[in-house]
Amino acid sequence: MLIFMEKIHLDDYTIHIGDAGETLHEFLQERRYSKVFLLADQHTVLHCLPKLKFNEELPKLDLIVIPAGEIHKTISTCELIWAHLLKNGADRKAVLINLGGGVIGDMGGFCARTYKRGIDFVQIPTTLLSQVDASIGGKLGIDFASVKNSIGVFCNPQAVLVDPSFLQTLSPAERRSGFAEIIKHGLIADAHQWEHIRTQQNLENVADWKSFIVPSLHIKKNVVEADPFEKGLRKALNFGHTIGHAIEGHALDTDRPLLHGEAVAIGMVCEAFLSAKKTGLSERELRILTDFLLGMYDAYELEEKNFAHYLELMGNDKKNEGDQINFATIGPIGVAHINQTASRDEIIDSLRFYNDLLKSMSPTAH
């Protein structure tokens, strides 16, 4: 894969796009931390850590390895991380490098922010999802009581290192999962980028990830800088997530868990249906959008017996205000609308809309 070098500057940190190892070496030599800790899971320690090529000129690396997966994004795993930091003498001048996907970034940043009232941390996102989504915005947290990210804080890292070469380590399903956030960014803020996105039918032959990653990062940068604490415009980034998070949370406790982007893709279909009802998404745009998403992502039937649990999880979503379930919608494509609400019946209609689309597809579609 061709490595390119680019920087995106935010108010108090910089996203470096290129060779993560080279950039990390320069960063650590400049900062001179008392101790350097690196958090990884059993996959990233094998497949991603060797790419950083640590050498003798750098401080000794203290490695913390945790199990992979959303199921481990819990307070009990945080306790293991805090215990390691404490046992190994991490003072307030130490740094924690988070090498992994969204789980590592969210949880590692949360642990760093809360350990001794805060130590520095650096994000090295290794999945497409984390590179285009979690790398901007400073959202940190863990899951609690089956509700995603219900415990957390806002805090920016000292730096984010986005290295497209890590995408070679991902499965096709993980690449599709990350691509869902790229799709979302185009749908809420850039109709021209959406047109580029929907020409990409096969993620196995992407020659230039830069053409997707960099515009996506700029969209999120513009939204987050305008609304750093999610009081207004930033809520647009939740398109597809109100329903998607509920489906994902429910699926975690089944024999067919969903990746985050897979659930968000379903959520975008459902919330596009609500957008057509409420904020002027045209029937033509709805058809184009849903055809693309159903062509990109595997079918996942939403069983009616689970609808009540989906609604319960949506009711617990941190984006809600009062008793209303809060949505971001679109209409037309490229324009987002925040603080939209829908009744229980309208939400159920959107879930049935997704199921009906599956039934209308040929058996060979997936």
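Refer to the preceding data block for the structure.
Scope of this entry: the structure provided in the associated data block. Because the structure is a prediction, the values reported are computed rather than measured. (Residues numbered from 1 in each chain as written. Predicted model: local features only at pLDDT ≥ 70, side-chain atom pairs only at ≥ 80, totals over all residues. Heavy atoms only, no water.)

1. Side note on helix H12 (residues 283–296)
When the terminal C-alpha atoms of H12 are compared, their 20 Å separation across 14 residues agrees well with the 20 Å that a helix rising 1.5 Å per residue should span. Here H12 has its buried residues at Glu 285, Leu 286, Ile 288, Leu 289, Thr 290, Phe 292, Leu 293, Leu 294 and Met 296. The elements touched by buried residues of H12 are helix H7 (172–189), helix H8 (191–197), helix H11 (260–278), strand S10 (326–330) and helix H14 (344–360). (Helix = DSSP H or I, 4+ residues; strand = E, 2+ residues; numbered from the N terminus. Expected span 1.5 Å × (residues − 1). Buried < 20%, exposed > 50% of the residue type's maximum accessible area, 1.4 Å probe, protein only. Contact = heavy atoms within 4.5 Å.)

2. Structural notes on the nonpolar core
Membership of the largest hydrophobic core comes to 76 residues, with the highest contact counts inside it found for Ile 15, Phe 179 and Ile 183. Ignoring sequence-local partners within four residues, the contact set of Phe 179 consists of Leu 128, Ile 197, Gln 200, Leu 203, Trp 209, Phe 212, Phe 292, Met 296 and Tyr 297. Counting 22 residues, the second largest nonpolar core, distinct from the first, contains Val 103, Met 107, Cys 111 and Leu 140. (Core = buried A, V, L, I, M, F, W, Y, C linked by side-chain atoms within 4.5 Å.)

3. Here we look at the pairing of strand S6 (residues 120–125)
Among the six residues of S6, five are classified as buried, and the element is accordingly described as predominantly covered. Here six bridges tie strand S5 (residues 95–100) to S6, and the two strands are oriented parallel to one another. What sits directly across from Asn 98, in S6, is Gln 123. In terms of handedness, the path from S5 via helix H5 (residues 102–114) over to S6 forms a crossover that is right-handed. Here S6 pairs with strand S9 (residues 159–162) via two bridges, running parallel. Bridging from a neighbouring strand, Val 122 pairs with Ala 159 of S9. (Pairing = 2+ DSSP bridges. Right-handed = clockwise from strand over helix to strand, strands pointing away.)

4. Topic: the packing of H7 against helix H9 (residues 210–226)
It is at 10 Å that the axes of H7 and H9 come closest, and there the two elements cross at 55 degrees. Here H9 runs oblique to H7, going by the angle between their axes. Where H7 crosses over H9, the handedness of that crossing is left-handed. Residues Phe 179, Glu 181, Ile 182, His 185, Gly 186 and Ala 189 of H7 form the contact with H9, whose own contacting residues are Phe 212, Ser 216, Ile 219 and Lys 220. Tallied by class, the residues present in the contact of H7 with H9 amount to five nonpolar, three polar and two charged. (Axes fitted to C-alpha atoms, helices over the stretch in contact; angles between N-to-C directions. Parallel < 35°, antiparallel > 145°, perpendicular 65-115°, else oblique. Left-handed = near helix turned anticlockwise from the far one by under 90°. Nonpolar A, V, L, I, M, F, W, Y, C, P; charged D, E, K, R; others polar.)

5. Comments concerning the packing of H7 against H11
Two quantities define a packed helix pair, namely the angle between the helix axes and the distance between the axes. Direction vectors running N to C along H7 and H11 enclose 40 degrees, while the axes themselves pass 7 Å from each other. Taken as axis vectors, H7 and H11 run oblique relative to one another. When you trace H7 past H11, the crossing you get is left-handed. Each of Ala 173, Ser 177, Ala 180, Glu 181, Ile 183, Lys 184 and Leu 187 in H7 lies in contact with H11, whose residues at this interface are His 260, Gly 261, Glu 262, Val 264 and Met 268.

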